[in-house]
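# Summary of structural features
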Amino acid sequence: MGALFRSEEVCLVQLFLQSGSAYNCVSELGELGLVEFRDLNTQVNSFQRKFISEVRRCEEMETTFAFLEQEIGRSLWPPLIGPLPVPSPAPFAPQPRELMAIEEESERLAWELREVSRNRDSLRSQLTLLSQYRGVLIQTHPLTASQAPPPPQSLETAALMDHRQDTRLCFVAGVVHPWKVPVFERLLWRACRGYIIVDFREMEQRLEVPETGEKVHWMVFLISFWGDQIGQKVKKICDCFHTHTFAYPEHTAEREEILIGLQNRIMDITTVLSQTEGYLQQLLARCVVALPRWKVSVAKCKAVQTVLNLCSPSVTDKCLIAEAWCPARKLLLLQSALIEGTRKSGSMVDSFYNRLPSPGSPPTLFTTNSFTSAFQSLVEAYGVAAYREINPAVFTIVTFPFLFAVMFGDVGHGLLMALAALWMIRQDTPKNIRSSNELWRLFYEGRFLILLMGLFSIYTGAIYNECFSKGLSLFPSGWHLQPMNWSDETLRGNQFLTLDPSVSGVFLGPYPFGIDPMWHLANNHLSFLNSYKMKMSVITGVLHMTFGVCLSFFNYSHRGQWSSVFLVLLPELLFLQSLFGYLLVLVVLKWLLFGPAASDTAPSILVHFINMFLMADSKDNTPLFSGQGQQHPLVTDTSSINTLHGDLERGEREEDEEVIEKFDAAEVFMEQAIHTIEFCLGCISNTASYLRLWALSLAHAQLSDVLWVMVMRISLSWQGMLGSVVLAVVFSLFALLTVSILLVMEGLSAFLHALRLHWVEFQHKFYSGTGYKLNPFSFSSIIDSL
Amino acid sequence: MVYHSFALPLICFTTLWGLVGGVAPFFVPKGPNRGVIITSLILTAVCCYLFWLIAILAQVNPLFGPQLKNETVWYLRYFWE
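Computed from a predicted model, the values in this text were never measured in an experiment.

### Some words on the interface of chain B and chain A
Contact residues are listed per partner, giving 44 residues for chain B and 67 residues for chain A. For the pair chain B and chain A, the summed buried surface comes to about 5,500 Å²; carbon and sulfur atoms form 71% of the total. For the salt bridge of Arg77(B) with Asp488(A), the shortest nitrogen-to-oxygen distance reads 3.4 Å. Between the two partners, chain B and chain A, sit 19 residue pairs in polar contact (both at pLDDT 80 or more). Elements supplying a minimum of two residues to the side of chain B that touches chain A: helix 1 (7–23), helix 2 (34–60), strand 1 (67–69) and helix 3 (70–79) of chain B. With 18 residues, helix 2 of chain B is the largest single contributor of residues to the side of chain B that touches chain A. Among the residues forming the side of chain B that touches chain A, the class breakdown is 29 nonpolar, twelve polar and three charged. With three bridges joining them, strand 12 (residues 496–498) of chain A and strand 1 of chain B adopt antiparallel strand pairing. Looking across to strand 1 of chain B, one finds that Leu497(A) is bridged to Leu68(B).

### Re the packing of helix 1 (residues 22–32) of chain A against helix 7 (residues 252–310) of chain A
All names here are of chain A. At their nearest, the axes of helix 1 and helix 7 sit 10 Å apart, and the two run at 110° to each other. Judged by the angle between their axes, helix 1 and helix 7 are roughly perpendicular. Regarding helix 1 and helix 7, the two cross each other, and that crossing is right-handed. Contacts from Ala 22, Tyr 23, Val 26, Ser 27 and Glu 31 of helix 1 reach helix 7 at Lys 300, Cys 301, Val 304, Gln 305, Val 307 and Leu 308.

### Some words on unusual backbone geometry
All names here are of chain A. Within the chain, Arg 388 stands out as a residue other than glycine whose phi angle is a positive 60°. For Ser 469, which is not glycine, the phi dihedral falls at a positive 70°. Its place among the elements puts Ser 469 in the loop between helix 14 (447–464) and helix 15 (488–493). We classify Ser 469 as buried; its relative accessible area is 6%.

### Quick notes on the pattern of salt bridges
Residue and element names in this part refer to chain A. Enumeration according to the criterion identifies 19 salt bridges over all chains in this entry. For Lys 344, the salt bridge identified is with Glu 28, shortest N-O distance 2.9 Å. Here Glu 28 lies in helix 1 and Lys 344 lies in helix 8 (residues 331–345), a separation of 316 residues in the sequence. Classification of Glu 28 by relative accessible area gives buried; the value is 13%. Glu 445 serves as the salt-bridge partner of Arg 441, at 3.7 Å between the closest nitrogen and oxygen. Of this pair, Arg 441 and Glu 445 both sit in helix 13 (residues 438–445), four residues apart, which is roughly one turn of that helix. In this structure Glu 445 comes out as partly exposed when scored by relative accessible area, which is 44%. Through salt bridges with shared partners, a single network forms among Glu 59, Glu 62 and Lys 302.

Rules and cut-offs
Residues numbered from 1 in each chain as written. Chains lettered and ligands numbered in written order. Predicted model: local features only at pLDDT ≥ 70, side-chain atom pairs only at ≥ 80, totals over all residues. Heavy atoms only, no water. Contact = heavy atoms within 4.5 Å. Buried area = accessible area lost by both parts, 1.4 Å probe. Salt bridge = Lys/Arg side-chain N within 4 Å of Asp/Glu carboxyl O. Polar contact = N/O pair within 3.5 Å; in protein donor to acceptor, adjacent residues only side chain to side chain. Helix = DSSP H or I, 4+ residues; strand = E, 2+ residues; numbered from the N terminus. Nonpolar A, V, L, I, M, F, W, Y, C, P; charged D, E, K, R; others polar. Pairing = 2+ DSSP bridges. Axes fitted to C-alpha atoms, helices over the stretch in contact; angles between N-to-C directions. Parallel < 35°, antiparallel > 145°, perpendicular 65-115°, else oblique. Left-handed = near helix turned anticlockwise from the far one by under 90°. Buried < 20%, exposed > 50% of the residue type's maximum accessible area, 1.4 Å probe, protein only.

See the structure below:
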């Protein structure tokens, strides 16, 4: 059958790697992604392993790279769109010389970047300070220039001012953050009580706040005061509010001089700053070019060193011994990889491998392509297959979309889904494969699954005769109205009229493909459809479960457990068939044998079934076939006896096989009894669980019907020119609701229920899912995660 | 007055799905995916045939008929027949 039916054969190999060529051999194996290394040094602390210093070195380099990347993100102009590009072709794991070169260069770059950044930041803050000073001088110029001379000393003021040391007018000028202005002003007024004059002017230019880096309009303030004590108070308050105060000379000429000096200095600093920026951008550009290759190389080196840490040194310390899981059909490839590694390192002595017997269960490996990987991941979300167990993913390729389609059946919706999937399949660019949007990746990886679901939905929709909730009349209907001979008075008198199939000519044969379109127009369509869909669900369920039970035969035969075939599989099958297979037979017989002529006396299958269990008999329930009364006890007895028998025999057989080891006979019997009860009750509940196929298809049909009647039909019955505008608007609403509710919501719901049916009802019959995956040492997975 | 036979669609669809499930597997080219493709073809044929068969068996002997509104009856009498 190939790779997907059962997991591949995996064997344990022991690799003898010569010390000189160990690094190259492991890196060759990493490029191929072939084997999974086992840890041979579990008792050793991670700090005491042999190659820990190399790993540390790689980690330090990675910290440097992280710093470089951070700087690129912070300062590169124009900024990078998206993450750093992946280098192609990817570089190989570096030899020791190359690694040292990378280390030196990256550290030098990092040091230079740090220096330049520091310089730039200090230049920037200087520039800000100078600009603020200049702003202060410019803004306060009109204030002081138009100042009135101090008032002439009069008798009252002279007395007051005698108490002060000096009566000279002093200034404090500076800038304050604009948000602090009201509080600042209020505090100044309260503290100094009118002995100061404060003026606020907003600066024209936006300058940055040193701590946060955002640009604000600083407020220039000029405080004029008399007296020394006031001066102290004002200075303290200014310090408290983190203002920048500048020396403010009294005379205009001095201020002019300072202003000119400031302008020159600002020009100088701006030039130096732009040169620094230019150099910084150069460095960053170098980083952008070199960084991707370095990251990949160092990641590969670190991975190889980590793997070498897992190996144990041989007694003579000349070679390393490694244990790995390798797929049996790739052993030759392993050999050639070892030879290649030896050749690259220039060593004379070959490395070789040796096959070991596997302790315990090997890991499972499935080779999937882009089509089958979606289905394999569906199964693995439940549990990874045990080694060499039947893989349900092969069957899930068809049964999952089919069960989905039974619940979703609608031609129009299926068509939309299939078209969306086809569009996704066409989007085969690497950007989409490696996209960082998780939701898109989820849908993209399931594109073939969605395509199959859409195609099957078109088929089941055609059979349900639903297309956006309307019926398609491909063939003429099998129901005819003329033979009923209704007169016009009958029509006017009764609102509802029922077609009677027992009148000749009314029903002329079943519709050849699907459900008759006449049922769509009927009021009692649910009575017919419910009966049809319920029976369809039970039939599908019983057949699906029988298939699952039969698959366990392959598991038993592979492991040689022939006793289980007779003692577990056959009783299970017999039980299932004698109860539910019999039910299926009754359903089909009723469909074939009882027609409109006998509709009064048609038997009720449910009552028959219940009576079979209660071993009772209802007099007025016609038997489906002659001798049914005698068959019932036989069927019930068969089913109950054979399960008990199977249970006892299995317990006995287990006892015989394990008589050497100590065990508890009662425990084995108990286990088997529990398994039997679980299976029997499980059969009944699982069969009933398949009725969700009916429930969801009913919900879908009703939802799309409601959407049509309440949304689209209103717009289609609108007349005139206004109707066309209304139609356009209402159609967009209809389309939006169809996609969001019917496609997305119902689709997810049907997906979930189909998944549950597979996981619980189908897989539980034969699948244990207790294995673990082979996780090969591969560089591609490391590079993807960068 | 179109009489739908039961036998003709039965023969048609049985042969169709029989071809898909029984004959097409022999024409699948050899390759690593041959087993998967054959399994898928057989399962598709079985599932689709069964689904169609259940639909037609449920309608071959109806026990009751559709109940229509009088307006629908009037419309159908003049447009469908």
